[in-house]
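One letter stands for each residue in the lines below.
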Amino acid sequence: MITLYDLKTLHTGTRRGISPHTWKVRFALRFKGIPYTLRCIEMGDIEATAKSIGALPTSKKADGSPQYTIPFIQDSKTGKVISDSFDIIEYLDITYPETISMIPKGTRLLQGYFGQAAYKIIATQIMPVSASLIPTPYHTQGMAEWFRITRPDFVKVSPEQEKEGWEKFRSELGEVARLMKETDVFAMGDRVSFADCVLFGQLMVLKFFWNEETTEWKEMMNWHGGRWGRLIAAYYNLPDVEVQPEDPSS
Ligand SMILES: N[C@@H](CCC(=O)N[C@@H](CS)C(=O)NCC(=O)O)C(=O)O
């Protein structure tokens, strides 16, 4: 069984977890039909937990010390521990070759570079808007405290800035939609790939703040001819592979 690590929130059931990078892996696991359990930890416990199971850092902090990040996985079948969403998904492709490959042969650079570019170009537009809502009733005290100490620059945005953030986010997603065929659900047309994991992750992280009942989420699902709604539906139309914990608050 695969254990996938994410951050703890006060959402339970299928709304557990929050990291856009972990959502990429959850998307891949569902399309691959590989069961997993999600283990949610506090932001302040990432480094200690990673070290305790042998998960490697994914980059360096400004002071040169190692940066440990969510997600990482532990695969009890192989004993392997892998960090970084791209490396995890590539590991799953290689280790479970009978499942659908998310990084089709010959597209490694295109997929990886799309992931990095999409994060920089699209996600950054909506981040100030969602970040300004922190803390929400669904943040643990630990995560709210972490944001207060490490991200003091997250200030409330004005209604005008909020409107502008949404507009920029919509228009950058529109740039992607413009390069896809009208009826395509996936970035590569009729076959799913890592690029879809990335787009899905960026949308699903917003579900933490704006869920199905909110106007924001409903509008997003209808943008660009309903393309993003169809991507989310493609995920939900597949059988769930997440094994729920016995303790729903874990
Ligand atoms: N390149 C990494 C990035 C992961 C990442 O930035 N994760 C964030 C959570 S969304 C994190 O763990 N941040 C820890 C920190 O900033 O201390 C991946 O794709 O997995």
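Here the structure is a predicted model, which means the values were calculated and not measured. Each chain carries its own residue numbering, running from 1 in the written order of its sequence. In view of the model being predicted, local features appear only for residues whose pLDDT reaches at least 70, and side-chain atom pairs are presented and counted only at 80 or more, with totals across whole chains, interfaces and linings using the full set of residues. Excluding hydrogens and water, the side-chain values take into account all heavy atoms of the structure.

## Description of the UniProt feature "domain: GST N-terminal" (unreviewed entry) in the protein chain
Part 1: Look at the UniProt record and you will see "domain: GST N-terminal" (unreviewed entry) annotated at residues 9-100.
Part 2: Per the convention used, a helix needs a DSSP run of H or I reaching at least four residues, while a strand needs a run of E reaching at least two, with both numbered from the N terminus. Structurally, residues 9-100 comprises 35% helix and 20% strand, and the distance from its first C-alpha atom to its last is 30 Å. UniProt positions are given in the numbering used here, feature names are shortened, and annotations may be inferred rather than shown by experiment.

## Some thoughts on the side chain of Gln-125
Part 1: Residue placement: Gln-125 occurs in helix H4 (residues 108-131).
Part 2: What qualifies as a polar contact is a pair of N or O atoms within 3.5 Å, subject to a donor-acceptor requirement within protein and to the restriction that residues adjacent in sequence count only when both atoms come from side chains. Within the structure, the side chain of Gln-125 is placed 3.1 Å from the backbone oxygen of Ile-121, a separation counted as a polar contact.
Part 3: Contacts are assigned to residue pairs that have any heavy atoms within 4.5 Å of one another. The residues touching Gln-125, leaving out its near neighbours within four places in the chain, are Gly-165, Lys-168, Phe-169 and Glu-172.

## A closer look at the environment of Lys-163
Part 1: Looking at the secondary structure, you find Lys-163 in helix H6 (residues 159-178).
Part 2: Think of it in three bands: residues with accessible area under 20% of the maximum for their type are buried, residues over 50% are exposed, and the middle band is partly exposed, with areas taken using a 1.4 Å probe on protein chains only. For Lys-163, a relative accessible area of 66% corresponds to the exposed category.
Part 3: Linking Lys-163 and Val-129, residues 34 residues apart in sequence, is a C-alpha distance of 8.8 Å.

## A short note on the pairing of strand S2 (residues 36-41)
Part 1: For two strands to be treated as a pair, DSSP must find at least two bridges joining them. Bridge count between strand S1 (residues 2-7) and S2: six bridges; the pairing is parallel. Counted as the bridge partner of Leu-7 is Ile-41 from S2.
Part 2: A crossover gets the label right-handed when its path from the first strand over the helix to the second runs clockwise, viewed with the strands pointing away from the viewer. Regarding topology, helix H1 (residues 20-32) serves as the crossover connection from S1 to the parallel S2, and that connection is right-handed.

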